[in-house]
Amino acid sequence: FLELAKNNGSKTAMFITKDNLRHLLRPNSVDYFEQTDNKAHLVSTAFKNYLKTNDLPDVTFIHLPDPDRDGHKFGWLSPFYIKAVKDADKAVDIIIRLAREKNKNVTSIISADHGGTFFEHLLPIETNRHTPMIVNGYNIKENQNIETPVKIYDIAATVLKLLSIELPENFTGKPLPLSL
């Protein structure tokens, strides 16, 4: 989706911590890329430093590793996981605040890639299949509850729809049914 956004004139950026997310870094897809160590506060600091000398990109992919990392290591809902969620929440607050200082018309999509139970997410139960997601910002109607199941790849389709970019026929995701 970053490649489609960039090819349609959007400025793009990516801030990650995991090597396994580099597959999203396709040729000619990202104007700015940074990989930090595996902590949310380092990602928000990298984003802050970027904005000191750059305008806000049209599309920014940011990965905060803490909840997933500690959910797998210590168990979902463990004290370590709860602290990791709080750390990620602080980083999200910083990122959104900084973005809105640059441009009041910011839309944010915040999501996990999956739910989790105990130490894994492979059991075929609803908690593991649920993809928690929050969409907030410019021109998005408040207090919407999407009842249809959301898949992680629906995020890319939603971003492209919000940018008024037509989805290719073979695109996997479906845009969320958001009221604007």
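Shown above is the structure to which this text applies.
Everything numeric here is computed off the predicted structure, so don't read it as measured data.

Draft legend 1. Summary view of the sheet that holds strand 3 (residues 59-62). Within the open sheet, the 3 strands sit side by side as 2-1-3. Their pairing is parallel. The outermost strands of the open sheet, each flanked by one partner alone, are strand 2 (32-35) and strand 3. Adjacent strand axes in the sheet meet at a mean angle of 5 degrees when their direction is disregarded. Here strand 1 (residues 12-16) pairs with strand 3 via 4 bridges, running parallel. Bridging across to strand 3, M14 finds its partner in F61. In the packing of helix 2 (residues 40-53) onto the sheet, the strands contacted are strand 1, strand 2 and strand 3, and the crossing angle to strand 1 comes to about 150 degrees.

Draft legend 2. Representation of the environment of H63 in the model. By the element assignment, H63 lies in the loop between strand 3 and helix 3 (66-74). The sequence separation of H63 and I140 amounts to 77 residues, and the corresponding C-alpha distance is 22 Å. In this view, H63 contacts F15, I16, T17, K18, L21 and V43; residues no more than four positions away in its chain are not counted. Polar side-chain contacts of H63 include one of 3.4 Å to the side chain of T17.

Draft legend 3. Representation of helix 6 (residues 154-162) within the structure. The buried fraction of helix 6 amounts to 7 of the 9 residues, a majority that puts the element mostly inside the structure. Every buried residue belonging to helix 6 is among D154, I155, A156, A157, T158, V159 and L160, and all of these are buried. Its buried side turned inward, helix 6 meets helix 1 (2-7), strand 3, strand 4 (107-111) and strand 5 (133-137).

Draft legend 4. View of the layout of surface pockets. In this structure, the second largest pocket spans a volume of roughly 520 Å³. Of all elements in the fold, only helix 5 (126-129) and strand 5 reach the threshold of two or more residues within the lining of the second largest pocket. The element best represented in the lining of the second largest pocket is strand 5, accounting for 5 residues. Across the lining of the second largest pocket, the residue classes tally to 10 nonpolar, 8 polar and 6 charged.

Draft legend 5. Quick look at empty space enclosed by the protein. If you walk through the whole model with that rule in mind, you get 1 cavity of 30 Å³ or more. Size it by volume and the largest cavity reaches roughly 40 Å³. What lines the largest cavity is simply T158, K161, L162, L176, L178 and L180.

Draft legend 6. Structural context of the packing of helix 3 against helix 4 (residues 79-102). It is the contact of helix 3 with helix 4, at a shortest axis distance of 8 Å, that shows an interaxial angle of 175 degrees. The orientation of helix 3 relative to helix 4 falls into the category roughly antiparallel. Across the interface between the two elements, D66, P67, D70, G71 and F74 from helix 3 touch F80, Y81, A84, V85, D87 and A88 from helix 4. Residues belonging to the contact of helix 3 with helix 4 are distributed by class as follows: 7 nonpolar, 1 polar and 3 charged.

Each value, and the rule that gives it
Residues numbered from 1 in each chain as written. Predicted model: local features only at pLDDT ≥ 70, side-chain atom pairs only at ≥ 80, totals over all residues. Heavy atoms only, no water. Pairing = 2+ DSSP bridges. Helix = DSSP H or I, 4+ residues; strand = E, 2+ residues; numbered from the N terminus. Axes fitted to C-alpha atoms, helices over the stretch in contact; angles between N-to-C directions. Contact = heavy atoms within 4.5 Å. Polar contact = N/O pair within 3.5 Å; in protein donor to acceptor, adjacent residues only side chain to side chain. Buried < 20%, exposed > 50% of the residue type's maximum accessible area, 1.4 Å probe, protein only. 1 Å grid on protein atoms, 1.4 Å probe; cavity = no way out; pocket = protein on both sides within 12 Å on 5 of 7 lines; lining within 4 Å. Points joined across faces, edges and corners; volume = space filled by probe spheres on them. Nonpolar A, V, L, I, M, F, W, Y, C, P; charged D, E, K, R; others polar. Parallel < 35°, antiparallel > 145°, perpendicular 65-115°, else oblique.

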